[in-house]
Amino acid sequence: MTDLFAGKDKNKLNWPTVVAFGVFHILALFTVIFLWNWKAVAAAAVLYWISIGWGIGMGYHRLHTHRAYKVPKWVDYLFAVCGTLTLQGGPISWVAVHRAHHQQSDKEGDPHSPRDGGWWAHIIWMTVGDAMHNNTKVTARYAPDLARDKFYLWLNTWHWVPVTLLGLGLLAFGGWALAFWCVFVRVVAGWHATWLVNSATHMWGPRRFETRDDSRNNWWVALLTFGEGWHNNHHAHPASARHGLAWYEFDMTWLQIHLLEKLGVATNVRVAKVDSDLAAREAA
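This write-up is about the structure you can find in this document. (Residues numbered from 1 in each chain as written. Predicted model: local features only at pLDDT ≥ 70, side-chain atom pairs only at ≥ 80, totals over all residues. Heavy atoms only, no water.)

So, the overall build of the chain
Secondary structure summary: the chain contains 14 helices and zero strands in total. For the chain, the sequential pattern of α-helices and β-strands runs α-α-α-α-α-α-α-α-α-α-α-α-α-α. Here the chain has a C-alpha radius of gyration of 19 Å; the compact-globule value for 284 residues is 19 Å, and the two agree. Dimensions of the chain, computed from the C-alpha atoms along their principal axes, are close to 55 × 45 × 40 Å. Of the contacts formed within the chain by residues at least 6 apart in sequence, a portion of 73% connects residues at least 24 apart. Within the structure as shown, the chain displays about 13500 Å² of accessible surface, and the carbon and sulfur contribution to it stands at 67%. Charged side chains in the chain number 25 positive and 20 negative. The centres of these two groups are separated by 5 Å. (Helix = DSSP H or I, 4+ residues; strand = E, 2+ residues; numbered from the N terminus. Rg over C-alpha atoms; globule rule 2.2 N^0.38 Å. Contact = heavy atoms within 4.5 Å. Areas by Shrake-Rupley, 256 points an atom, 1.4 Å probe, with all protein chains shown as cover. Lys, Arg positive; Asp, Glu negative; His and termini not counted. Charge placed at Lys NZ, Arg CZ, Asp CG, Glu CD.)

Spelled out as structure tokens, the structure:
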């Protein structure tokens, strides 16, 4: 693995990524200042939940990366499409990078460890070196299961199409304010929320488990990401569909997966065994 991410050229700017990040941040700021609209804000909040909660939490992360549960193929694909609405790359590239992170977490070769700097882990690692979106070397090694699926191959290449169609539809239906809030503001907010899992949850918060990395449980990142902030729990039990292991660790993504299980949609749901006295011992 180390030959894939170690020794990344930090002096080589990835200009397409830098420009895209810059444009989206500028337009998001413009929207907040000049296009304030409560209906658009509400619509953006709903899409934030769908893209981050369904797309990243239920989809890219717990389903596609860790296979913590199973769903019918159409649901699997639906969550993947929701994941592309975040503009964090296609499912194959996202899964490959995240699996690489788990294999070398906070060691040489981790794509985004805060040991290389907090800002490096948060954003800089994506703005330097070569883009990983269609790196077949990474794909072949870390996401061969997804790479065998023609739909995922297509979606990984054309991951920007769903959000583009969404933006055009919102523009035609509700005008500039609705389109800009639901695309630029929502995407930028989702970026930073997800990136905080890479940075903040490896720097700040308590550690319940003595994992071999620096992962921590961070409640405010968990709130922003619907449960992804219980990161130390996750690194200790990566295949668990439930990240919030104590009653006070709110994990909306897990609640949604559990609901699907009750409805018979989700099967083979894997959950880490939770000590029934955990909360009592921690409160003592």
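Side note on the packing of aromatic side chains
Applying the stated criterion to the full structure yields 19 aromatic pairs. Ring geometry for W176 against F180: centres 5.6 Å apart, planes inclined by 80 degrees, an arrangement best described as edge-to-face. With W176 and F180 both in helix α10 (residues 161-198) and four residues apart, this pair spans about one turn of that helix. With relative accessibility at 55%, the residue W176 sits in the exposed group. (Phe/Tyr/Trp six-rings, centres within 6.5 Å; stacked < 30°, edge-to-face > 60°. Buried < 20%, exposed > 50% of the residue type's maximum accessible area, 1.4 Å probe, protein only.)

Describing the side chain of N156
Examined against the element boundaries, N156 turns out to sit in helix α9 (residues 150-157). When its relative accessible area of 5% is taken as the criterion, N156 is described as buried. At 3.0 Å, the side chain of N156 and the backbone nitrogen of I92 are in polar contact. (Polar contact = N/O pair within 3.5 Å; in protein donor to acceptor, adjacent residues only side chain to side chain.)

Quick word on helix α5 (residues 91-103)
Its 13 residues give α5 an end-to-end C-alpha distance of 18 Å, which sits within 8% of 18 Å, the value for a rise of 1.5 Å per residue. Burial analysis of α5 places twelve of its 13 residues in the buried class, which makes it a mostly covered element. Three or more residues of α5 are buried, namely P91, I92, S93, W94, V95, A96, V97, H98, R99, A100, H101 and H102. (Expected span 1.5 Å × (residues − 1).)

Some remarks on the environment of V81
Within the element layout of this structure, V81 appears in helix α4 (residues 73-84). Ignoring any residue separated from it by four or fewer positions in sequence, one finds V81 in contact with F151, L155 and P162.

Brief notes about a nonpolar patch on the surface
Taken together, the side chains of L29, F30, V32, I33, F34, W36 and W38 make up a nonpolar region of the molecular surface, amounting to roughly 820 Å² of accessible area. A per-element tally of the nonpolar patch places helix α2 (residues 15-34) first, with five residues. If you trace the backbone, W36 turns up in the loop between α2 and α3 (38-65). Residue classification places W36 among the partly exposed residues on the basis of a relative accessible area of 46%. (Patch = residues over 30% accessible without salt bridge, like charges linked within 9 Å, V, L, I, M, F, W, Y side chains within 5 Å. Salt bridge = Lys/Arg side-chain N within 4 Å of Asp/Glu carboxyl O.)

As for the side chain of S199
With respect to the element layout, S199 can be found in the loop between α10 and α11 (219-224). A residue is classified by how much of its surface remains accessible, and S199, at 4% relative accessible area, is buried. Contacts of S199, omitting those with residues within four sequence positions, involve P114, G118, A121 and H122.

Description of the nonpolar core
Counting 25 residues, the largest nonpolar core has F24 and W191 as the members making the most contacts within it. Those elements that provide at least two residues to this core are α2, α3, α6 (118-127) and α10. Considering every element that reaches this core, the biggest residue donor is α10, with 13 residues. Residue contacts for W191: discarding those within four places in its chain leaves A20, F21, F24, H25, T86, L87 and Q88. Counting 13 residues, the second-largest nonpolar core is a separate cluster that includes M58, A68, Y69 and V269. (Core = buried A, V, L, I, M, F, W, Y, C linked by side-chain atoms within 4.5 Å.)

What to know about α10
Here α10 is 38 residues long, yet its end C-alpha atoms lie only 26 Å apart, well below the 56 Å a rise of 1.5 Å per residue gives. Most pronounced at G174, the bend in α10 amounts to some 140 degrees. (Bend = angle between axes of the 7 residues up to and from the residue.)

Here's the deal with the pattern of salt bridges
For the coordinates displayed, the defined rule picks out nine salt bridges. Note that D145 and R67 form a salt bridge whose closest N and O atoms lie 4.0 Å from each other. Pair noted here: D145 is in helix α8 (residues 144-147) and R67 is in the loop between α3 and α4, with a separation of 78 residues, a long-range link. The exposure class assigned to R67 is partly exposed, which follows from its relative accessible area of 30%. Salt bridges linked by common partners bring R67, D76, R99 and D145 together as one network.

Structural measurements only, silent on function.
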